[in-house]
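# Reading the structure
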Amino acid sequence: MDDKLNVRQLVDAHKGTVKPAIYIDQDIYDLELERVFGRSWLFLAHESQLPKAGDFFTTYMGEDPVIVTRQKDGSIAAFLNQCRHRGMKLCHADSGNTRAFTCPYHGWGFGLEGGLSVVPLEQEAYRNGLDKSKWGLVRVPRLTTYKGLIFGNWDETAPSLEDYLGDMAWYMDGFLDRREGGTEVVGGVHKWVIDCNWKFAAEQFCSDQYHAPYTHGSAIQVLAPTPENKSDGKPLGDGQTQRPAWANGLGGVQFSEKGHGSAFFFTEKPDANVWVGGEVSEYFRETYPEAERRLGSVRALRLAGHNTMFPTLSWLNGTQTLRVWHPKGPNQIEVWVFCIADKAAPDSVKEALKASHARAFGPAGFLEQDDSENWVEVQKVLRGYKAKQTGFCVQMGLGFEERRKDGIPGVTNYTFAETAARGFYQRWVDMMTSETWAEIEARTKEYQKELVHG
Amino acid sequence: MDKIFVCAVAELPPGEARRIETDPVIAVFNQDGEFYALADRCTHGEASMSDGYVEDDCTVECPIHSAKFCLKTGKALTQPATVDLATFKVEVEGDNVYVLAPAQVAA
């Protein structure tokens, strides 16, 4: 155990309590960059964003800027987006196609493969000689793809992505593998900054179905299918079951494992959320047989609910939003949002999906704003002297964890629960207090064994 | 003059360039259907103009430090380059592209 900041005293997953320091403390945040973001598999980009040699996309791993590039041989590589000369940010474009990366400061030029190729005035200025082979870009040592998503990891000793995902892969497949050909990003990337800790957003998408009926009450009220909502003949929610999924008596499930989490309600029909445009819900209905063949009925029917792959990749089925919560200090995040469509979907459906997605989960999306408001207001309260000492309750469904016998994998509970939140914080503590991956995995396993006795 | 085979016309589409391993190395460009040839090495630094960006205004921009050169005359149009690039004559015969280079400049 190496709990230098005493974070085990701040999170008690067994009792379901959390102390607010984990959301505001700078020292804890600095350790997160090293022990969580420096060791986790982090989403970098979607393969569809880099179709050709020389295509690149710039993003972050924790607070480290990185460049993801398609190489001449078709492979993908990622590098720290920093010139090796004097530390300047190398590439300042969001994305594009290039033959080389040239630092804007003194003009050192690096090839697509990361090697230092050109140094201005090399003969005249480096009379002492410069060994260019030693000053290539810092490569992200672990890089792999999973069904179109590109992931990187700074830690050479980290488990494989498959081991890291565990049963989360089963839930992720339900989002990425509905149709032959996989998925693609449609439209650009929405990016915005809000003032809250990254864990509020990541944990909500991991575990919190509970907020939806109340936080989003006004949106649900206003956007319910009504005659006024039929101007284009394809109203929101058209053709879908018109009652709250939690009231249909079919039950639901929340999943938790290795810090990841997911939840949804069972439905009789492939129902997306009521705020998805009619053309989109019709598409999901029409393509259900293919999805069922590929995924089985539970995942093919699932077109709603939330997911987080620990630590910061979240997505929602049906509305097809995929997002990364890039940390920017303990009190701020940059939200990056991608709309994910089946490649095989017709262009008209992709357009309709893009509109549905932006309307609900773009920067001005009616659901996005509800969520952001909650996180930002909690963060503001935590500036208070008394508030900093006041713990949070994370006890919903505590003790009702189980392993199901119907093939739905992992530690589970009813949809309305905080099992995945407790699992998220337990994993966070395990990473923050362990020096090696063997320790992290052993501690997480022990916790899960206590929950479900196996 | 030596007439050096570059490639088939079909192998050099608009906006692209080919590097010919002569001495010095020559870059042959297709700008909107017209072919041009320049010395491949940027006069400013160690960069290959065949990796450069062929622009609509009949220029090529160096991929490393963004110096622009005229494809027709080789003239250095922007900083950081101040020295022009040598130009070579291009001939299209049938389906093939050739570059005319002085005898001592041969493959």
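Residue numbers restart at each chain and count upward from 1, following the sequence in its written direction. Chain labels run from A onward and ligand labels from 1 onward, assigned in the order the entries are written. Only residues with pLDDT of 70 or above have their local features reported here, since the model is predicted, and side-chain atom pairs are shown and tallied only from 80 upward, although totals for entire chains, interfaces and linings are computed over all residues. Think of the side-chain values as coming from all heavy atoms in the structure, minus any hydrogens and water.

### Some remarks on the domain arrangement of chain A
Residues and elements named next belong to chain A. Taken domain by domain, chain A holds domain 1 (42–145) and domain 2 (167–452). Where each domain starts and ends comes from a domain assignment, either automatic or drawn from a database. Here the C-alpha centre of domain 2 lies 33 Å away from the C-alpha centre of domain 1. Note on contacts: a residue pair qualifies if any of its non-hydrogen atoms lie within 4.5 Å across the two residues. Residue-level contacts link 12 residues of domain 1 with 18 residues of domain 2. Roughly 1200 Å² is buried in total at the junction of domain 1 and domain 2, and carbon and sulfur atoms are behind 67% of that figure. By the criterion of area lost to domain 2, the three top residues of domain 1 are Phe43, His46 and Tyr60, representing 44% of everything that side buries. One speaks of a salt bridge when a side-chain nitrogen belonging to Lys or Arg is within 4 Å of a carboxyl oxygen belonging to Asp or Glu. Our enumeration of links across domain 1 and domain 2 arrives at one salt bridge. The partner of aspartate 94 in a salt bridge is lysine 191, with the nearest N and O atoms 3.6 Å apart. Throughout, buried area stands for the accessible area (probe radius 1.4 Å) lost by two parts on being put together, summed over both.

### Focus: the interface of chain A and chain B
Each side of the interface is counted separately: chain A has 12 residues, and chain B has eight residues. Together chain A and chain B conceal approximately 800 Å² of surface at their shared face, both sides included; 50% is due to carbon and sulfur atoms. Counting the surface chain A buries against chain B, the share from its top three residues, Arg99, Thr102 and Val118 of chain A, is 61%. The term polar contact refers here to a pair of N or O atoms within 3.5 Å; inside protein, the definition further demands a hydrogen-donor-capable atom paired with an acceptor-capable atom, and it admits residues adjacent in sequence only when both atoms are side-chain atoms. On inspection of chain A and its partner chain B, the count reaches six residue pairs in polar contact (both at pLDDT 80 or more). Going through the elements one at a time, strand 8 (100–102) and strand 10 (116–118) of chain A are the ones with two or more residues in the side of chain A that touches chain B. Three classes are used, and their members are as follows: Ala, Val, Leu, Ile, Met, Phe, Trp, Tyr, Cys and Pro are nonpolar, Asp, Glu, Lys and Arg are charged, and the others, Gly among them, are polar. Of the residues that constitute the side of chain A that touches chain B, the class distribution is three nonpolar, six polar and three charged. Each helix corresponds to a stretch of at least 4 residues labelled H or I by DSSP, and each strand to a stretch of at least 2 residues labelled E; elements are numbered beginning at the N terminus.

### A closer look at the sheet that holds strand 5 (residues 64–70) of chain A
Neighbouring strands of a sheet are bound in pairs by backbone hydrogen bonds; such pairs are parallel or else antiparallel. All names here are of chain A. Taken in spatial order, the four strands make up an open sheet running 6-5-4-7, and their pairing is antiparallel. Either end of the sheet is taken by a strand with one partner, and the two such strands are strand 6 (76–80) and strand 7 (95–97). On average, adjacent strands in this sheet sit at an angle of 25° to one another, irrespective of strand direction. In this analysis, strands are considered paired if DSSP registers two or more bridges between them. With five bridges connecting them, strand 5 and strand 6 associate as antiparallel partners. Lines fitted to C-alpha atoms define the axes here, with helix axes fitted over just the stretch in contact, and angles between the N-to-C directions of these axes take values from 0 to 180 degrees.

### What about the packing of helix 12 (residues 347–361) of chain A against helix 13 (residues 366–381) of chain A?
The relative placement of two packed helices comes down to the angle between their axes together with the axis-to-axis distance. Residues and elements named next belong to chain A. Direction vectors running N to C along helix 12 and helix 13 enclose 30°, while the axes themselves pass 3 Å from each other. As the angle between them shows, helix 12 and helix 13 are arranged roughly parallel. Of the residues in helix 13, those touching helix 12 at Arg359, Ala360 and Phe361 are Phe366, Leu367, Glu368 and Asp371. For the contact of helix 12 with helix 13, the per-class residue count stands at four nonpolar, no polar and three charged. Should an angle fall under 35 degrees it is called roughly parallel, over 145 degrees roughly antiparallel, and 65 to 115 degrees roughly perpendicular, with every other angle called oblique.

### Focus on unusual backbone geometry
With omega at 0°, the peptide bond leading from phenylalanine 310 of chain A into proline 311 of chain A counts as cis. Summarising the element assignment, proline 311 of chain A is placed in the loop between strand 16 (306–309) and strand 17 (313–316). Cis geometry is adopted by the peptide bond preceding proline 24 of chain B, which originates at aspartate 23 of chain B and carries an omega value of 5°. You can see proline 24 of chain B is positioned in the loop between strand 2 (17–20) and strand 3 (26–31). Positive phi, close to 60°, is recorded for cysteine 58 of chain B, a residue that is not glycine. One can find cysteine 58 of chain B in the loop between strand 5 (53–54) and strand 6 (59–61). We call a residue buried when its accessible area falls under 20% of the maximum for its residue type, exposed when it is over 50%, and partly exposed in between, using a 1.4 Å probe and counting protein chains only. The exposure class assigned to cysteine 58 of chain B is buried, which follows from its relative accessible area of 11%.

### What about the sheet that holds strand 2 of chain B?
Residue and element names in this part refer to chain B. What the six strands build is an open sheet, ordered 1-9-8-4-3-2; its pairing is antiparallel. Each end of this open sheet is capped by a strand with a single partner; those strands are strand 1 (2–8) and strand 2. Within the sheet, the average angular offset between the axes of one strand and its neighbour, ignoring direction, is 30°. Pairing between strand 2 and strand 3: four bridges, direction antiparallel. Each bridged residue has a counterpart across the sheet, and for alanine 17 the counterpart in strand 3 is phenylalanine 29.

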